[in-house]
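What follows is the residue order along each chain.
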Amino acid sequence: MATLPELVVDMIENQSRLRSTIETGLRDLFGGAISGVVSVVYCVSYAAFIFSGPLAPWLGYGIAATFISTTIGASVVALRSSVPFTIAGPDSSTSVVTATLVAAFVQWLVANGATDHVLGSTLFLMALSSALVGILLCGLGLAGAGRAVRFVPYPVIGGFLGATGWLMVSGASQVITDMRLAAANIDALLSPASLSKLTAAAAIAVSLYFGSRRFGNPLVPLGLILAGIAAAHLAFFATGLSITDAQAAGWLFKPEAAVALTLPWNFDELSRFPWPALPPLAGGIIALMFVTVMSVLFNVTGIELETRCEADLERELNAVGSANLLAASLGGYVTCSSLSRTTLNYEIGGRGRLSGLTVAAISGLVLAAGSGFLAYVPKFVLGGLLLYSGLYLLYRWLLDSWRYLSFVEYISLAGIALIIVEWGFIAGVLIGIVVGLATFALSVSRVHAIKFSFDGSEYHSSLDRRPDELALLAEYGREIQGMFLHSYLFFGSANRLHQHVKALLAKQKCRFLLFDFRLVTGIDSSATFSFTQIKQVADQCGARMIFTCLTRDVENAFRATRFFSNLVVAPNLDAALESCENAIIEAHQTHDSEAGTLREWFAEALGGAENADQLIQHCRRIEVRPGEIIVREGDPASSMHFILDGRVGIMVNAVSAPIRVRSLGPHTTIGEMGLITRQPRSATMQAELVSVLYELNASAYERIKRENPSLSHALMTYIITVMAERLSFANRSIGVLQR
């Protein structure tokens, strides 16, 4: 049973948790309320944008469809998003493409005399597009393929967003004056009536720009919009212009009758819908699907950067896809995660799902109240908001991008934007992708296929050789020419490789050409043709080509050509180098340089036969079989070994299996550093062939130091010489790798 102090502590903790929960809920509620009001302003502007021109008489239906989309989008995304404070609803880029699609559809209806059911068919088209978008988003989310869309070339994205900005500016003009920005409308747009409205909208856009930059407060744009509405009504009052007269003059929206949307998915709408219009509109629908996917990806990425919260991209695609499917079933249109409204909610303090649900509740209340309030909203205020958003996109993507893009990328971006404005989104995106791929291919073709190159005089295999063999490799090692290849090999990069090898063989005698494919990701048929040309040049010069680290696909690609029927493939570069070095040594070695006896080796290494005889007396002869362990990694270092004959591998432990890092042949030494420093063995010594070794243990070494200073000095000089040679080899290898 709890004591009184424990009960008091529990009560205080419960009160603290309750207070924290209430404070968090209030912040979420306040953030959602502010974001909801901002969403109302933006959504009204999007509705006015989409339902302009021939659709202007049915703006009330557009308002209703917009707030259905906002209510469903905000609630579904709030409940399912991986970032709980995400705000969703119709967004700028998707609304622009929706408006373009709807305008093309209405134009087709007028051209084909099918204007009896414009409104119902338009609402059905919007719902159908939203359903297709939802299916695509959910499909990408379930397939985990969301990140694949990020491979769309950057100029395509920039050109699309720049064109979106222009279309938004043109749409703002139509909202303000009922006329789009076009050469045919210049005279009418410059008339005093239109010019005064455009000037008022420009003042709103300028105030939004400077207000946002000067104060940096997310509430400033909302305050400026409300101030603009109030200023307009004060101006009407001061000039004696009544609400009715202002509506007649085009300053205010005309009053909208109460509307009741019916579900678009019914037999009557299906039977009345002009299905022959869909093929010409397929490009616009595909563009809307593409734009929505890209908008979700970019907005989610932007939310991650602004709020430092990690999002699950596939989950976001599924959430927005589900919202679009539900919105489509109830007569809404495309909805999306909103970067600006989510950031606003976060900066105010919203951190939970209550924020999005509050936005949905506010949108639902506006939907229930009807669109009567629109009769008191000045057109130029909403047009100014659209104008500001469009000009911002134009500046960011068509002007500011000049600073950080290359000339070719910027020209591609600007060209794609012009193509989209002139011929539509699909033409611009398709041409942009083709241009992007061509630019990418050109850029990649300039990348050298050789990561670094080497010759046998500076880069050796891991086999330690005796001094006379090292001298031969230093003199004749250039007959081995090696190249580390990387990246994907195709016509451009492989042709440059062909030209490089051709120039190399023209000035350098070469017996072996080594090509290491460890870093090659793939190869195409044109690249195999370039290697065929390389082989022809190599055969003429008497050079033999050896390939290492081939993947199965690359090897099959080579063996498919008749020139590589007897392709020489080594498992790794080290094995290929060792084989080539052996061939070079055998070709240039004379009888006098062959291995001598232990006494001759020691005499040469220690500066005299007397030192050799004395060292032999202190050593113990060891004979080992292949695979036999001589010393183990981690054992105390109590001896060094002179390898008279055979071969010994140096192995280090790895996670999966021991790895051979070096190999030592006749007349080489190992273990000298351990003997001097008395540190534990850093590697395992294992015989690779039947080998004969002479071991100098620690006690014998100490006895030499005490009793025979001249031999000790000669032995230390030899050890230093060996270490210097190994250090020199390591430095040369590092130099090759850093080219």
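Look up: the structure comes first, before these words.
Cut-offs used in this document
- Throughout this document, residue positions are counted from 1 along each chain, in the order its sequence is written.
- Whole-chain, interface and lining totals are the exception, using all residues; otherwise, since this is a predicted model, local features are given only for residues with pLDDT of at least 70 and side-chain atom pairs are given and counted only at 80 or more.
- Hydrogen atoms and water are omitted, and side-chain values are computed over all heavy atoms in the structure.
- Each pair of strands is called paired provided DSSP finds at least two bridges between the two strands.
- Put simply, DSSP H or I for four residues or longer makes a helix, DSSP E for two residues or longer makes a strand, and each gets a number counted from the N terminus.
- Structural elements are reduced to axes, namely lines fitted to C-alpha atoms, with helices fitted over the stretch in contact, and the angle between N-to-C directions of any two is expressed from 0 to 180 degrees.
- Any angle from 65 to 115 degrees is called roughly perpendicular, while one under 35 is roughly parallel, one over 145 is roughly antiparallel, and all others are oblique.
- For a crossing to be left-handed, the near helix must be turned anticlockwise from the far one by less than a right angle; the clockwise case is right-handed.
- By the convention used here, residues are in contact when the closest approach between their heavy atoms is within 4.5 Å.
- Three categories are distinguished: nonpolar for Ala, Val, Leu, Ile, Met, Phe, Trp, Tyr, Cys and Pro, charged for Asp, Glu, Lys and Arg, and polar for the others, with Gly belonging to the last.
- Each Phe, Tyr or Trp ring (for Trp, its six-membered ring) is paired with any other whose centre lies within 6.5 Å, and the angle between the two planes then decides the class: stacked below 30 degrees, edge-to-face above 60, tilted in between.
- Remark: exposure states derive from per-residue accessible area (1.4 Å probe, protein chains only) relative to the maximum for the residue type, with buried under 20%, exposed over 50%, and partly exposed in between.

Describing the sheet that holds strand E13 (residues 659-664)
Read from one edge of the open sheet, five strands run E4-E13-E12-E15-E10, paired in mixed fashion. Both outer strands of the open sheet, strand E4 (463-464) and strand E10 (629-631), are each paired with one neighbouring strand and no more. In terms of strand pairing, E4 meets E13 through two bridges, oriented parallel. Among the inter-strand pairings, Asp464 is bridged to a residue of E13, identified as Leu664.

Some words on the packing of helix H7 (residues 192-215) against helix H8 (residues 220-238)
Viewed as axis vectors pointing N to C, H7 and H8 meet at an angle of 150 degrees, and their least axial separation amounts to 9 Å. Between H7 and H8, the angle falls in the class roughly antiparallel. Read as a crossing pair, H7 and H8 show a hand that is right-handed. Only Val220, Pro221, Leu224, Ile225 and Gly228 of H8 make contact with H7, whose side of the interface consists of Ile204, Ser207, Leu208, Gly211, Ser212 and Phe215. Grouping the constituent residues of the contact of H7 with H8 by class yields seven nonpolar, four polar and no charged.

Describing the packing of aromatic side chains
As enumerated under the stated definition, the model contains 26 aromatic pairs in all. Considering the side-chain rings of Phe515 and Phe531, the 5.7 Å spacing of their centres and the 85 degrees angle between planes classify their relative orientation as edge-to-face. Of this pair, Phe515 sits in strand E6 (residues 512-523) while Phe531 is found in helix H20 (residues 525-541), placing the two residues 16 residues apart along the sequence. Phe531 sits in the buried class, given a relative accessible area of 0%. Between Phe531 and Phe547, the ring centres sit 5.7 Å apart and the planes meet at 75 degrees, which makes this aromatic pair edge-to-face. With Phe531 in helix H20 and Phe547 in strand E7 (residues 544-548), the pair connects residues that are 16 residues apart, well separated along the chain. Its relative accessible area of 0% is what places Phe547 among the buried residues. An aromatic cluster of three or more residues is present, and its members are Phe515, Phe517, Phe531, Phe547 and Phe558.

A short note on the packing of helix H18 (residues 467-476) against helix H22 (residues 573-588)
Two elements in contact, H18 and H22, have axes separated by 10 Å at closest approach and are oriented at 95 degrees. Between H18 and H22, the angle falls in the class roughly perpendicular. When H18 is examined against H22, the residues Glu469, Leu472, Leu473 and Tyr476 are found in contact with a partner set consisting of Glu581, Ile584, Ile585 and His588. Here the residues of the contact of H18 with H22 are counted per class, giving five nonpolar, one polar and two charged.

Points about the environment of Ala417
Of note, Ala417 is situated in helix H16 (residues 407-423). Residues Ala417 and Ser728 lie 311 residues apart in sequence; the distance between their C-alpha atoms is 58 Å. Setting aside residues no more than four positions away along its own chain, Ala417 makes contact with Gly159, Ala163 and Leu398.

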